[in-house]
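# Examining the three-dimensional arrangement
So the chains spell out like this:
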Amino acid sequence: MSLPTQTTLENLVTLCKRRGIIFPSSDIYGGYAGFFDYGPLGVEIKNNVKQAWWRDFVHRREDIVGLDSSIIMHPRIWKASGHVDGFSDPMVDCKESKYRYRADQLFMAPVSLRHPETGEDLGVVAYACVLEDQLDTLPKRASAIKKALDKKSYKVDEALLAQTREYTEATEEERSLVWGPDATKGGTLTEPREFKLMFETHVGALRDESAVAYLRPETAQGIFANYKNVLDTSRVKVPFGIAQIGKAFRNEITPRNFVFRCREFEQMEIEYFIAPDADWKQLHREWIDYCINWYVSIGLPRDMIGEDVHPDEKLAHYAKACTDLTFLFPHGKQELEGIAVRGNFDLTQHQEHSKKNLEYFDEATKERYLPHVIEPSFGLDRAVLALLTAAYTVDEVPNDKGQPEERVLMRFHPRIAPYKVAIFPLVKNKPELVEKARGIYDQLLSRWNVFWDVAGAIGRRYRRQDEIGTPYCVTVDFDTIEKDNCVTVRDRDTTQQERVPVAELEAYLSAKLGF
């Protein structure tokens, strides 16, 4: 599936700023790279996603309980988990442009030239290097390199150009021929070096090594550190899971693509503990399907969700398997969620470093063991971006004069829409209409988040609600007062209108919304 041409990252960013969904953080100071603030509508969307996730993964399952651990934890936790020594990304600098990149997000391809008439083969004269979400620009980049080398009459070997590799795999000789994404010559990219991703802080009055602490780079370790507490207090039995929603922080080298890759972000994670001899392959598959179905239930099209199975050589040393659920974002098909089979590495590490016994006693088998783990790890901000992408629509509807008019609408699922219903009196200068509409607003407000609007022509009010994704608009007109005590209910997606008795309105909307 391909996205409509209007669904660009630029259009989404513009809409989010204009309608109060997402703002650049510290906007009046020029923004702050990698940080974003959710506005009045954005925080509603974000909270709706969190509430839907918590209801479907915690409240509706008997085998999962919740947790909310602290952002700053004992630094020994991060030593045990391996983050202090090994949580880093490979970084490179461009000596010409002064830009900085993650080396594992740079892909290079050989530019091999042959003269179409003389047959002269120059071989590989350079390596074109682009970011991972710009691989489709490689032919254009190769053409620019050919022009810069004054070899315009030569043809690029397209078959070789399709053989891409990560920049981290380049030899010293190859690096001298690599043209960085923003460079005008080869050899400007430095050798990759490790860049630590954890934000460091200090706890207490002293600022020495004994006071060093970290903002958590993931929520998972808070779950592992509390595993024993939950086990002892919640009467859970393997298999069971612990779920958590919370902020995490990573000092990303190159935050980009709006809220897709940020330095402060929110995770929704589950650590699902299973017996060592459990059929982890089947359980892993069940979790993959369960997560896909959940995304579909909140409005993501199934054909925009894919699966990327990590090959064995790309797995973390402790992992048995990992499958990423991908989504077709405006910047390409990228990871939406990771579902990993982590073994018992984390509990083993924490048992060793804390000197506390974390073994589980299985009453059925009379055995003691450290459970293994399946980890579905959701990125909340990425889920919001995916929902914005899927919902963004441009179509044409008749205006007040019957002429076709372009409109932007957000086709949010009712569970995700920031407002479920908007209430309008047809005009604002008739007290009897306003009073009737206000009574309906107050009634529906006790059940859903509803919007009140009296400003402007009714058509403009409809357009405003379309653009923020409100599923239904209810209009109180003169017939409501003088004739039938019915209101006009307008559907966002079809624009069709239906007269509904006021006495039946709440039940009607409940059936339409699905809750």
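Now for a look at the structure at hand.

Conventions adopted
- Residues numbered from 1 in each chain as written.
- Predicted model: local features only at pLDDT ≥ 70, side-chain atom pairs only at ≥ 80, totals over all residues.
- Heavy atoms only, no water.
- Helix = DSSP H or I, 4+ residues; strand = E, 2+ residues; numbered from the N terminus.
- Areas by Shrake-Rupley, 256 points an atom, 1.4 Å probe, with all protein chains shown as cover.
- Lys, Arg positive; Asp, Glu negative; His and termini not counted.
- Charge placed at Lys NZ, Arg CZ, Asp CG, Glu CD.
- Disulfide = S-S within 2.5 Å.
- Buried < 20%, exposed > 50% of the residue type's maximum accessible area, 1.4 Å probe, protein only.
- Core = buried A, V, L, I, M, F, W, Y, C linked by side-chain atoms within 4.5 Å.
- Contact = heavy atoms within 4.5 Å.
- Phe/Tyr/Trp six-rings, centres within 6.5 Å; stacked < 30°, edge-to-face > 60°.
- Lys NZ or Arg CZ within 6 Å of the ring centre and 35° of its normal.
- Pairing = 2+ DSSP bridges.
- Axes fitted to C-alpha atoms, helices over the stretch in contact; angles between N-to-C directions.
- Parallel < 35°, antiparallel > 145°, perpendicular 65-115°, else oblique.
- Left-handed = near helix turned anticlockwise from the far one by under 90°.
- Nonpolar A, V, L, I, M, F, W, Y, C, P; charged D, E, K, R; others polar.
- Salt bridge = Lys/Arg side-chain N within 4 Å of Asp/Glu carboxyl O.

## Topic: the overall build of the protein
When you go through the protein residue by residue, the secondary structure sums to 15 helices and 28 strands. Here the protein displays about 24900 Å² of accessible surface, and carbon together with sulfur accounts for 48% of that area. Positive and negative side-chain charges of the protein, numbering 68 and 80 respectively, have mean locations separated by a distance of 3 Å.

## Some remarks on the state of the cysteines
By definition, a disulfide is the covalent link that joins the sulfur atoms of two cysteine residues. Enumeration according to the criterion identifies zero disulfides in this entry. Distance from the sulfur of Cys129, which forms no disulfide, to the nearest cysteine sulfur (Cys94) is 9.6 Å. The exposure class of Cys129 is buried, given its relative accessible area of 0%. Among the cysteines around Cys473, which has no disulfide bond, Cys486 carries the closest sulfur, lying 18 Å off.

## Here we look at the nonpolar core
Counting 61 residues, the largest nonpolar core has Trp53, Trp287, Trp294 and Leu388 as its most contacted members. The residues contacting Trp53, other than those within four sequence positions of it, are Val58, Ala243, Gln244, Ile245, Met268, Glu269, Ile270, Trp294 and Phe378. Core analysis: the next-biggest nonpolar cluster, separate from the first, contains 20 residues, Tyr441, Leu444, Val476 and Val500 among them.

## Remarks on the packing of aromatic side chains
All told, the structure shown has 25 aromatic pairs when counted by the stated rule. Ring centres 6.2 Å apart and planes at 45° place the aromatic pair Trp53 and Trp54 in the tilted group. Classification of Trp53 as buried rests on a relative accessible area of 0%. Trp54 sits in the partly exposed class, given a relative accessible area of 22%. For the cation-ring pair, Arg61 lies above Tyr290, with the distance from its terminal atom to the ring centre recorded as 4.9 Å. In this arrangement the basic side chain of Arg382 is found over the ring face of Phe260, its NZ or CZ atom lying 3.8 Å from the centre.

## Notes on the sheet that holds strand E18 (residues 332–343)
Judged by pairing direction, the sheet is mixed, and its seven strands sit side by side in the order E3-E14-E15-E21-E18-E17-E16 without closing on themselves. Every interior strand has two partners, whereas the edge strands, strand E3 (64–67) and strand E16 (305–309), have only one. Within this sheet the neighbouring strands show an average axis-to-axis angle of 25°, counted without direction. As paired strands, strand E14 (residues 240–249) and strand E15 (residues 264–274) are joined by ten bridges and run antiparallel to one another.

## Re the packing of helix H2 (residues 40–59) against helix H11 (residues 380–391)
The contact between H2 and H11 brings their axes to 10 Å, and the two run at 110°. Relative to H11, the element H2 lies roughly perpendicular. Seen along the crossing, H2 lies across H11 with a hand that is right-handed. Every residue of H11 that contacts H2 at Ile45, Lys46, Val49 and Lys50 is listed here: Leu380, Asp381, Val384 and Leu387. Residue composition of the contact of H2 with H11, grouped by class: five nonpolar, no polar and three charged.

## Quick look at the pattern of salt bridges
Once the charged atoms of two side chains with opposite charge are near each other, the side chains can pair. All chains considered together, the criterion is met by 39 salt bridges. Glu166 is the salt-bridge partner of Lys314, the closest N and O atoms lying 3.9 Å from each other. Within this pair, whereas Lys314 is found in the loop between E16 and strand E17 (321–329), its partner Glu166 is found in strand E9 (residues 165–166), the two being separated by 148 residues in sequence. Residue Glu166 is classed as buried on the basis of its relative accessible area, which comes to 17%. Across the pair Lys228 and Asp232 runs a salt bridge whose closest N-O atoms are separated by 4.0 Å. Here Lys228 pairs with Asp232, and both are found in helix H8 (residues 220–233), just four residues apart, close to one helical turn. For Lys228, a relative accessible area of 28% puts it in the partly exposed group. In the salt-bridge network here, residues are joined through shared partners; they are Asp395, Arg407, Arg411, Asp466, Arg490, Arg492 and Asp493.

## Re the packing of H2 against helix H9 (residues 280–297)
The interhelical angle for the contact between H2 and H9, taken along N-to-C directions, is 140°, at an axis separation of 11 Å. When the interaxial angle is binned, H2 and H9 end up oblique. Between H2 and H9 lies a crossing of right-handed hand. Packed against H2, whose contacting residues are Val49, Ala52, Trp53, Asp56 and Phe57, the element H9 presents Trp287, Tyr290, Cys291, Trp294 and Ser297 at the interface. Residue classes in the contact of H2 with H9 are distributed as eight nonpolar, one polar and one charged.

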